[in-house]
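Chain and residue survey
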Amino acid sequence: MSLSTHVLDTVTGRPAPDLFVRLSRRAAHGFVPVAEGRTDGDGRIREWSPLGREWIADGDPRPGTYRLVFDTAAYLGQDAFFPEVSIVFTIRDAGEHHHVPLLLSPFAYSTYRGS
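Residues numbered from 1 in each chain as written. Predicted model: local features only at pLDDT ≥ 70, side-chain atom pairs only at ≥ 80, totals over all residues. Heavy atoms only, no water.

Structural notes on the overall build of the protein
Across its full length, the protein holds one helix and ten strands. Along the protein, helices (α) and strands (β) appear in the sequence β-β-β-β-β-β-β-α-β-β-β when read from the amino end. For the protein, the C-alpha radius of gyration of 14 Å lies close to 13 Å, the compact-globule estimate for 115 residues. When contacts within the protein are restricted to residue pairs at least 6 apart in sequence, those whose partners lie at least 24 apart make up 54%. A total of about 6,400 Å² of accessible surface is found on the protein, and carbon and sulfur atoms cover 50% of it. Here the protein contributes 12 positive and 14 negative side-chain charges, whose respective centroids are spaced 6 Å apart. (Helix = DSSP H or I, 4+ residues; strand = E, 2+ residues; numbered from the N terminus. Rg over C-alpha atoms; globule rule 2.2 N^0.38 Å. Contact = heavy atoms within 4.5 Å. Areas by Shrake-Rupley, 256 points an atom, 1.4 Å probe, with all protein chains shown as cover. Lys, Arg positive; Asp, Glu negative; His and termini not counted. Charge placed at Lys NZ, Arg CZ, Asp CG, Glu CD.)

Considering the UniProt feature "binding site: substrate" (unreviewed entry) in the protein
Within this numbering scheme, the UniProt entry marks His6, Arg44 and Tyr112 as carrying the feature "binding site: substrate" (unreviewed entry). Along the chain, Tyr112 turns up in the segment after strand 10 (108–111). Judged by its relative accessible area of 46%, Tyr112 is partly exposed. Ignoring sequence-local partners within four residues, the contact set of Tyr112 consists of His99, Val100, Pro101 and Leu103. (UniProt positions renumbered as here; feature names shortened; annotations may be inferred. Buried < 20%, exposed > 50% of the residue type's maximum accessible area, 1.4 Å probe, protein only.)

Regarding the sheet that holds strand 6 (residues 49–50)
With respect to topology, five strands assemble into an open sheet ordered 6-4-3-7-8, the strand pairing being antiparallel. Sheet topology places strand 6 and strand 8 (85–91) at the edges, where each strand pairs with a single neighbour. Bridge count for strand 4 (residues 30–38) against strand 6 is two bridges, and the pairing is antiparallel. Looking across to strand 6, one finds that Glu36 is bridged to Ser49. (Pairing = 2+ DSSP bridges.)

Brief notes about the pattern of salt bridges
All told, the structure shown has five salt bridges when counted by the stated rule. Measuring nitrogen to oxygen at the nearest pair gives 2.6 Å for the salt bridge that ties Arg22 to Glu36. Here the residue Arg22 occupies a position in strand 3 (residues 20–27), and Glu36 occupies one in strand 4, the gap between them amounting to 14 residues. When its relative accessible area of 32% is taken as the criterion, Arg22 is described as partly exposed. Here Arg46 makes a salt bridge to Asp40, at a shortest N to O gap of 3.2 Å. By relative accessible area, which is 52% here, Arg46 ends up exposed. Given the relative accessible area of 28%, Asp40 is considered partly exposed. (Salt bridge = Lys/Arg side-chain N within 4 Å of Asp/Glu carboxyl O.)

Regarding the side chain of Thr72
Inspection of the secondary structure puts Thr72 in helix 1 (residues 72–76). With relative accessibility at 0%, the residue Thr72 sits in the buried group. A distance of 2.5 Å separates a polar atom in the side chain of Thr72 from the backbone oxygen of Phe82. Beyond its immediate stretch of four places on either side in the chain, Thr72 contacts Gly77, Phe82, Pro83, Glu84, Val85, Leu102 and Leu104. (Polar contact = N/O pair within 3.5 Å; in protein donor to acceptor, adjacent residues only side chain to side chain.)

Here we look at the confidence of the model for the protein
Summarising the model, the protein shows a mean pLDDT of 90, and 91% of its residues fall at 70 or more. For the protein, the element scoring lowest by mean pLDDT is strand 6, at 87; strand 2 (residues 14–15) scores highest, at 98. (pLDDT = per-residue confidence, 0-100.)

Some details on unusual backbone geometry
With phi around 60 degrees, Asp18 is a residue other than glycine that occupies positive phi space. Turning to its location among the elements, Asp18 is positioned in the loop between strand 2 and strand 3.

Quick look at the structure:
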């Protein structure tokens, strides 16, 4: 199983490069950060930088509930209507690839389960 994301700026129709994203996993006391990354020139994160033991040895998340937080203010500017976007999702099958894209504009965003 692997996890990836992609951010597309729907105003320009182009990928959103260098956008910081943090991945957290739900634990008994709340969400715990487990990995982070920045989108590449194509607006994608395929490889994550692990932050702790919650991330298993081979770099893939295990089943559980996760949260992606996108630092959209750094991309859209400090006056952004949505200074961050948080997407919570559940991984049930560790054998599948999970892709969580973000379609972003200054006053709207959407997401879906990609492939």
